[in-house]
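# Structural features, examined
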Amino acid sequence: MTGARPADAPPTPARGSLLATWGPVFGAPFLWAIHFAATYLSLTVACDVGGTAAMSAAWWRVVLVAITIVLGGAAVAGGVIALRRWRASREGSPWTRAVAEPESIDEFRWLLGVLLGFGFAAAIVLTGLLPTVLEPCPSSA
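Residues numbered from 1 in each chain as written. Predicted model: local features only at pLDDT ≥ 70, side-chain atom pairs only at ≥ 80, totals over all residues. Heavy atoms only, no water.

### A closer look at the environment of Val70
- Tracing the backbone through its elements, the reader meets Val70 in helix α2 (residues 57–89).
- Judged by relative accessible area, which is 58%, Val70 ranks as exposed.
- It is 9.5 Å that separates the C-alpha atoms of Val70 and His35, two residues lying 35 residues apart in sequence. (Helix = DSSP H or I, 4+ residues; strand = E, 2+ residues; numbered from the N terminus. Buried < 20%, exposed > 50% of the residue type's maximum accessible area, 1.4 Å probe, protein only.)

Written out as structure tokens, the structure is:
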């Protein structure tokens, strides 16, 4: 019998792709880092170029809002995927027990993906909104 497992052996963990396994955990922080760098770059270019037609204040605000919507939406999507996987792994367990006593590393990883996904989505939205409300370029007086 090749490939047979003894009856008393522990079950082997399910293997998935690396992205499906760790994407919900590291995806949102990675998206926030990309958003932070893109925000810094767009604001630097907008402040350096100033009032030219191609780089008006309206242009960089539109770019910043578009980047925020795309990357914030991707972070929320990762959090929702992690939430669905976490709920599926904890069917029938009370909420307090499911959070306090994860039964496997997969359950812990999904719960961590939920917290990081929604937390970093909030950070992306706040990072994207502040420069559009406040004046990011110092005035040259």
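Further notes follow.
### Section: the side chain of His35
- If you trace the backbone, His35 turns up in helix α1 (residues 18–49).
- Classification of His35 as buried rests on a relative accessible area of 0%.
- Apart from residues lying up to four places away in sequence, His35 is in contact with Ile67, Thr68, Leu71, Ile124, Thr127 and Gly128. (Contact = heavy atoms within 4.5 Å.)

### Regarding the packing of aromatic side chains
- One pass over the full model with this rule turns up two aromatic pairs.
- With 6.0 Å between their ring centres and 55° between their planes, Trp32 and Phe120 make a pair best called tilted. Separated by 88 residues along the polypeptide, Trp32 in helix α1 and Phe120 in helix α4 (residues 105–133) bring together distant segments of the chain.
- Judged by relative accessible area, which is 29%, Trp32 ranks as partly exposed.
- Residue class for Phe120 comes out partly exposed when judged on its relative accessible area of 23%.
- Among the aromatic residues, those joined into a ring-pair cluster are Trp32, Phe36 and Phe120. (Phe/Tyr/Trp six-rings, centres within 6.5 Å; stacked < 30°, edge-to-face > 60°.)

### Here's the deal with the packing of α1 against α4
- At a minimum axis distance of 8 Å, the contact between α1 and α4 shows a crossing angle of 10°. Here α1 is positioned roughly parallel relative to α4, judged by the angle of their axes.
- Residues that form the contact of α1 with α4 fall into these classes: 17 nonpolar, seven polar and one charged. (Axes fitted to C-alpha atoms, helices over the stretch in contact; angles between N-to-C directions. Parallel < 35°, antiparallel > 145°, perpendicular 65-115°, else oblique. Nonpolar A, V, L, I, M, F, W, Y, C, P; charged D, E, K, R; others polar.)

### Re the nonpolar core
- Judged by nonpolar contacts, Ala28, Leu31, Ile67, Leu71, Ala75, Ala121 and Ile124 together constitute the single largest core of seven residues.
- Contributions of two or more residues to this core are made by α1, α2 and α4.
- Examining the composition of this core, we find that three residues originate from one element, α2, more than from any other. (Core = buried A, V, L, I, M, F, W, Y, C linked by side-chain atoms within 4.5 Å.)

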